[in-house]
Amino acid sequence: MNRFLDLADLTREEVVDLLALAQRLQDHPEPRALAGRILGLLFFNPSLRTLSSMQAGMARLGGSSFVITPGNGTWKLETRLGAIMNGDAAEHVREGIPVLASYCDALGIRAFADGRDLQADLAEANFSALADLCPKPLINLESAVNHPCQALADWKTMDDLAVPRQGKFVLSWVNHPRALPLAVPAATLHMAAHRGMEVVVLRPEGYALPRPLMDKARAAAAASGGSVTETSQREQALAGAQVIYAKEWGSPQHYGDATADAALRKKLSDWMVRDSWLERADPACRFMHCLPVRRNVAVADEVLDGPRSVVRREAYNRMVVQMAVLHRLLAH
Amino acid sequence: MNRFLDLADLTREEVVDLLALAQRLQDHPEPRALAGRILGLLFFNPSLRTLSSMQAGMARLGGSSFVITPGNGTWKLETRLGAIMNGDAAEHVREGIPVLASYCDALGIRAFADGRDLQADLAEANFSALADLCPKPLINLESAVNHPCQALADWKTMDDLAVPRQGKFVLSWVNHPRALPLAVPAATLHMAAHRGMEVVVLRPEGYALPRPLMDKARAAAAASGGSVTETSQREQALAGAQVIYAKEWGSPQHYGDATADAALRKKLSDWMVRDSWLERADPACRFMHCLPVRRNVAVADEVLDGPRSVVRREAYNRMVVQMAVLHRLLAH
Amino acid sequence: MNRFLDLADLTREEVVDLLALAQRLQDHPEPRALAGRILGLLFFNPSLRTLSSMQAGMARLGGSSFVITPGNGTWKLETRLGAIMNGDAAEHVREGIPVLASYCDALGIRAFADGRDLQADLAEANFSALADLCPKPLINLESAVNHPCQALADWKTMDDLAVPRQGKFVLSWVNHPRALPLAVPAATLHMAAHRGMEVVVLRPEGYALPRPLMDKARAAAAASGGSVTETSQREQALAGAQVIYAKEWGSPQHYGDATADAALRKKLSDWMVRDSWLERADPACRFMHCLPVRRNVAVADEVLDGPRSVVRREAYNRMVVQMAVLHRLLAH
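The structure presented is a predicted model; accordingly, all values stated were derived computationally and were not measured.

About the cut-offs
- Residues numbered from 1 in each chain as written.
- Chains lettered and ligands numbered in written order.
- Predicted model: local features only at pLDDT ≥ 70, side-chain atom pairs only at ≥ 80, totals over all residues.
- Helix = DSSP H or I, 4+ residues; strand = E, 2+ residues; numbered from the N terminus.
- Rg over C-alpha atoms; globule rule 2.2 N^0.38 Å.
- Buried ≥ 20, exposed ≤ 12 C-beta atoms within 10 Å, placed from the backbone.
- Contact = placed C-beta atoms within 7 Å.
- Core = buried A, V, L, I, M, F, W, Y, C linked by C-beta atoms within 7 Å.
- Least-squares fit on C-alpha atoms with pLDDT ≥ 70 in both.
- Nonpolar A, V, L, I, M, F, W, Y, C, P; charged D, E, K, R; others polar.
- Pairing = 2+ DSSP bridges.
- Axes fitted to C-alpha atoms, helices over the stretch in contact; angles between N-to-C directions.
- Parallel < 35°, antiparallel > 145°, perpendicular 65-115°, else oblique.
- Left-handed = near helix turned anticlockwise from the far one by under 90°.
- Domains from an automatic or database assignment.
- Arc of directions from axis to C-beta.
- Right-handed = clockwise from strand over helix to strand, strands pointing away.
- pLDDT = per-residue confidence, 0-100.

Some words on the overall build of chain A
Argument step 1. What chain A contains, in helices and strands, is 12 helices and 12 strands.
Argument step 2. Computed over the C-alpha atoms, the radius of gyration of chain A is 20 Å, within 12% of the 20 Å expected from 2.2 N^0.38 for a compact globule of 332 residues.
Argument step 3. C-alpha extents for chain A along the principal axes are approximately 55 × 50 × 35 Å.
Argument step 4. Taken over 332 residues, chain A has a buried fraction of 61%.
Argument step 5. Within chain A, contacts between residues at least 6 apart in sequence are counted, and of these 80% link residues at least 24 apart.

Below, the structure written as structure tokens:
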């Protein structure tokens, strides 16, 4: 493995292998496996879990990290090809990325969606351009429509908790003060389908996920024996669910139009997960969320603090699976 | 020892033991004692000494650190219980703290006073809530009314310089452009009393330290054979002093009222330590300050650059004693 | 070697020795050479290469680093002697620098020119004051008129590429949206002269480098058998060049006067390196720039993406030569 950019690049068996490595590292630490190795971390966007868990995971394997945050200690980086750089950005990624890559053994990059052009974001136009500039092992720390480290952590979390491989997985849209990117819903949808689950996307009108994301998940489901459907009928969707995975995202219909999105979501404040949502779910139903989460806007305290919530375990597994990814990329 | 939150949690003998460990680590470095161990550092407020000395101390023991600063590379964290999170903060500490704790072997947290409700700050309402969320060894890197790492460093500094255990220790209020928190005066007052010294709090009218802080120090003094008094009479207070410890703090009478505090301190610009203050002190009198210090507002250049000043040694001892704390929490 | 502040502090032979060490460390890594050693990095100004390459280089030698950025996670630091500190800055460098130095084995400081008083900046008034406060090994990470790490990396880059020691080296002014400091042009000019090259400074009227910088370079050239001239005639300057080194700087004539500088450079937008500039250069001519570079303002895409550009190698060599500097300062 030379890059970890998309869980779809791995077969189901390869994912299972990678998770076995994660479990092995959890059970039998290898504190010198990456001694002398250096991880560069380039954050175009803020972070808590990724920033801390990548550094902690690298250190647990004996390696070191450095962090670069354009616009915060480092100048802004230009990404547009052919730009006449007389504005804010002092350096182009065409220099910045290869230079940072030359200092480290693997590079992680977080670069959210531009959030203006849906087609460009679905095509990962921005992240692909950055990835093409990096000749070293590369990790996607969240791009426009992907977050493979989160997806892998969530897969492991379900394995840890013995959630059936073919269980019912409901990805539900939830409310948020503003339109958020499609990265986690896209990655989660695909991951659950890839795992072979009965995936239901529950979302209000106007928030259907873009066709290419649904198609990609359906292809994964077809290969693994799972299924993917979508609905706006909450009760029916949640009945018998073994997992409710809550996530906020902006309306793809009004992509890049904050005003139209705000108008649409104005009536959707009841899309907040409460205990009542879980009444007809499977008795063992787990509540999942990638974090950060807006308490009492997206999810009620009673759910996050209740016995079904596994959000902290998901977050802990971020470090565990990333150690496996780093090990696979860098150990030899 | 599982937490280092307040020097008052340790008996005098336990402090002496901890300082002996600090001295031992200074004399006989243990560069692999914490190999593979990870320290998480969560800074809600800016820092120079704490930020650098914690990382340096951890590295000197062979361990690693990561730093998270909400609002700066990481989003803001909500602290209020039950908050409807539709504002600035993207994540609640109820998720953030346990998640960060899960990545590391010990967590350090800096969280200053809210500075609005004196009773809540005296009760450490905010820091206690954060501490309750951390299941791992925890270090207080400065809270509303405490700064145990500073207090321990100052104790060691006096030991290093052979300041008599029962010497006269004058904690003097000094001027500052604005009202500062009570953390260091509270911790310093208690530390000197805990050490068994003759402690005099010298402060202008309106700046008497809150009763609970004085009571806590008096209890410590009673146990160690010291004493605690307070006065606004500078000459008498400073006569025969073996230590003058300067510190800025806001008026507890006008807590959270910047305007009233500013009006009160307007006439107090002569509360700046000058050489003339030290004329009647003990010939061996030391000048102490926790830093950062406003030169020529709180303390004159002539004092900071003079032979009595030990402020750099105090700062250096921050690293030394923190290494002992880390060793005690994490080595085995 | 106890400090690395100016390449002029080293004889030509000492530079050659240091570069031999850099090459040795590149060919034969020493991953434990600086085990247990700690590098403090103090950045008064933003950085990409220096910030990442210093940490990566230190880690490659087995050491650790911490980073302090006043105004960003740490409060602002006052530098003026005798200041009455009732403004923004909470701490004076007279405390800050010795304290940080006490935590580490070597300190690196980046402190750009004030950009107001040319004579003070030429005298390195600010950096010298900071350097005087540091009792530990010190590295200049860019000061008002110096950038020795960059100069050393550029020297190595020319050695790597077999650029003749006495080849023609053209340092050309190029356009930029605003007046930049003299650090890199000053360091580059001196380095090329020190290496023994035929150095031509090509710059429009109004952008002649200050006399003391030219004199310093001429002295170095005299010692090494090189030469230093200056001109505003582009064609003649570039004819037969073996290196074109592009750099932006503000008009020394209008030092600190942004408006006058802007008026002057308004007509100079053709001072952007294009392929056409290289037509009469030596066929093996290399294009160099220290980065960051404003594409299509200072240098055209066609040059940066063309076969002559060695800017990425220069950046990579930053890490390599800094490892030699760190090794020389700290290994034993």
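Read on for the rest.
Thoughts on the nonpolar core
Argument step 1. One finds Val-199 and Ile-244 of chain A, Val-199 and Ile-244 of chain B together with Val-199 and Ile-244 of chain C to be the most contacted residues of the largest nonpolar core, which totals 368 residues.
Argument step 2. Ignoring sequence-local partners within four residues, the contact set of Val-199 of chain C consists of Phe-169, Leu-171, Leu-189, Ala-192, Ala-193, Ala-217, Ala-221, Gly-226, Ser-227 and Val-228 of chain C.

Topic: the relation of the copies chain C and chain A
Argument step 1. Take chain C, turn it by 120°, move it 0.0 Å along the axis, and it overlays chain A with an RMSD of 0.0 Å. Between the two chains, the operation in question is that of a three-fold axis. The C-alpha atom lying nearest the rotation axis in chain C is that of Asn-72 of chain C; the distance is 4.5 Å.
Argument step 2. The two copies present different faces, since only 4% of the interface residues in chain C are matched by interface residues at the equivalent positions in chain A.

A word on the interface of chain A and chain B
Argument step 1. Counting residues at the interface gives 28 residues for chain A, matched by 26 residues for chain B.
Argument step 2. When residues of the side of chain A that touches chain B are assigned to their parent elements, the largest contribution, 8 residues, is made by helix α2 (residues 49-60) of chain A.
Argument step 3. In terms of residue class, the side of chain A that touches chain B is built from 15 nonpolar, 7 polar and 6 charged.

Some points on the sheet that holds strand β12 (residues 286-288) of chain C
Residue and element names in this part refer to chain C.
Argument step 1. The sheet built from 5 strands is open, its strands ordered β10-β9-β8-β11-β12 with parallel pairing. With one partner strand each, in any of the chains shown, β10 (227-231) and β12 form the two edges of the open sheet. If you compare each strand with its neighbour and ignore which way they point, the axes differ by 20° on average.
Argument step 2. Where strand β11 (residues 243-247) lies against β12, 3 bridges are found, and the strand directions are parallel. What sits directly across from Val-243, in β12, is Arg-286.

Considering unusual backbone geometry
Residues and elements named next belong to chain B.
Argument step 1. The omega torsion of the bond from Leu-291 to Pro-292 falls at 0°, within 30 degrees of zero and hence cis.
Argument step 2. Non-glycine residue Glu-142 carries a positive phi angle of around 125°.
Argument step 3. If you trace the backbone, Glu-142 turns up in the loop between β7 (138-140) and α6 (148-160).
Argument step 4. Residue Glu-142 is classed as buried on the basis of its 27 C-beta neighbours within 10 Å.
Argument step 5. Positive phi, normally seen in glycine, also occurs at Leu-291, with a value near 65°.
Argument step 6. A tally of 21 C-beta atoms within 10 Å means that Leu-291 is categorised as buried.

So, the sheet that holds strand β11 (residues 243-247) of chain B
Residue and element names in this part refer to chain B.
Argument step 1. Pairing is parallel in the open sheet, where 5 strands are placed in the order β10-β9-β8-β11-β12. Strands at the two margins of the open sheet, each flanked by one partner only, are β10 (227-231) and β12 (286-288). This sheet shows a mean twist of 20° between the axes of neighbouring strands, independent of strand direction.
Argument step 2. Along the sheet face, helix α7 (residues 183-195) touches β8 (168-173), β9 (198-202), β10 and β11 and points at about 170° away from the line of β8.
Argument step 3. Packing against the sheet, helix α8 (residues 211-224) makes contact with β9 and β10, and its axis sits at approximately 145° to β10.

Quick look at the interface of chain C and chain A
The parts lose accessible area when they come together, and the size of an interface is often stated as this lost area.
Argument step 1. Counting residues at the interface gives 28 residues for chain C, matched by 26 residues for chain A.
Argument step 2. Among the elements of the structure, α2 (49-60) and α12 (311-330) of chain C are those that each provide at least two residues to the side of chain C that touches chain A.
Argument step 3. In terms of residue count, the dominant contributor to the side of chain C that touches chain A is α2 of chain C (8 residues).
Argument step 4. Grouping the amino acids of the side of chain C that touches chain A by side-chain chemistry returns 15 nonpolar, 7 polar and 6 charged.

So, the relation of the copies chain A and chain B
Argument step 1. Screw-axis analysis of chain A against chain B gives a translation of 0.0 Å along the axis, an RMSD of 0.0 Å, and a rotation angle of 120°.
Argument step 2. Residue by residue, only 4% of the interface of chain A is reproduced at the interface of chain B, so the copies engage with different surfaces.

Thoughts on the packing of α2 of chain C against α12 of chain C
All names here are of chain C.
Argument step 1. Direction vectors running N to C along α2 and α12 enclose 50°, while the axes themselves pass 9 Å from each other. Considered as vectors, α2 and α12 are oriented oblique to each other. Read as a crossing pair, α2 and α12 show a hand that is right-handed. The segment α2 lies against α12, with Arg-49, Ser-53, Met-54, Ala-56, Gly-57, Met-58 and Arg-60 engaging Ala-315, Arg-318, Met-319, Gln-322, Met-323 and Leu-326.

What to know about the pairing of strand β11 (residues 243-247) of chain A
Residues and elements named next belong to chain A.
Argument step 1. In terms of burial, β11 is a largely internal element, 5 of the 5 residues being buried.
Argument step 2. Burial along β11 is two-sided: Val-243, Tyr-245 and Lys-247 and Ile-244 and Ala-246, pointing in opposite directions, are all buried.
Argument step 3. Pairing of strand β8 (residues 168-173) with β11, which is carried by 5 bridges, proceeds in the parallel orientation. Within the sheet, the bridge partner assigned to Trp-173 lies in β11 and is Lys-247.

As for the environment of Leu-304 of chain B
All names here are of chain B.
Argument step 1. Of note, Leu-304 is situated in helix α11 (residues 301-304).
Argument step 2. In sequence terms Leu-304 and His-289 are 15 residues apart; their C-alpha atoms lie 9.2 Å from each other.
Argument step 3. Each residue touching Leu-304, except ones within four places of it in the same chain, is listed here: Val-293, Arg-295, Val-299, Ser-309 and Val-311.

With respect to the domain arrangement of chain A
All names here are of chain A.
Argument step 1. On domain assignment, one finds that chain A holds domain 1 (3-146 + 318-330) and domain 2 (162-309).
Argument step 2. Each of domain 1 and domain 2 was reduced to a C-alpha centroid, and the two centroids are 26 Å apart.
Argument step 3. Taken residue by residue, the interface counts 17 residues in domain 1 and 19 residues in domain 2.
Argument step 4. If you list the elements that add at least two residues to the side of domain 1 that touches domain 2, you get α1 (12-27) and α4 (118-122).
Argument step 5. Within the side of domain 1 that touches domain 2, the residues separate by chemical class into 10 nonpolar, 3 polar and 4 charged.

With respect to helix α5 (residues 125-132) of chain B
All names here are of chain B.
Argument step 1. Here α5 has its buried residues at Asn-126, Phe-127 and Leu-130. On an axial view of α5, the arc spanned by its buried residues comes to 90°, and they lie on one face.
Argument step 2. Considering only its buried residues, α5 is in contact with α3 (93-103), β6 (106-110) and β7.

Section: the pairing of strand β9 (residues 198-202) of chain C
Residues and elements named next belong to chain C.
Argument step 1. Extensive coverage of β9 is indicated by the burial of 5 of its 5 residues.
Argument step 2. Burial of the side chains of β9 extends over both faces: Glu-198, Val-200 and Leu-202 are buried on one face and Val-199 and Val-201 on the other.
Argument step 3. Looking at chain direction, strand β8 (residues 168-173) and β9 are connected through 5 bridges and run parallel. Bridge pairing in β9 places Val-170 opposite Val-200.
Argument step 4. The parallel pair β8 and β9 is bridged by helix α7 (residues 183-195), and the resulting crossover is right-handed.
Argument step 5. Bridge count for β9 against β10 is 5 bridges, and the pairing is parallel. Considered in β10, the bridge of Leu-202 is made with Thr-231.
Argument step 6. For the segment spanning β9, helix α8 (residues 211-224) and β10, crossover handedness is right-handed.

Digging into the packing of α6 of chain B against α7 of chain B
Residue and element names in this part refer to chain B.
Argument step 1. With their axes 9 Å apart at the nearest point, α6 and α7 run at an angle of 40° to one another. By the angle between their axes, α6 is oblique relative to α7. Here the hand of the crossing between α6 and α7 comes out right-handed. Of α7, the residues touching α6 (which contributes Pro-148, Gln-150, Ala-151, Asp-154 and Trp-155) are Val-184, Ala-187, Thr-188, His-190, Met-191 and Arg-195.

Notes on the confidence of the model for chain A
Low pLDDT marks regions whose predicted coordinates should not be analysed in detail.
Argument step 1. On average, residues of chain A score 97 in pLDDT, and 100% of them reach the 70 mark or higher.
Argument step 2. Confidence metrics for the complex model read pTM 0.98 and ipTM 0.98.

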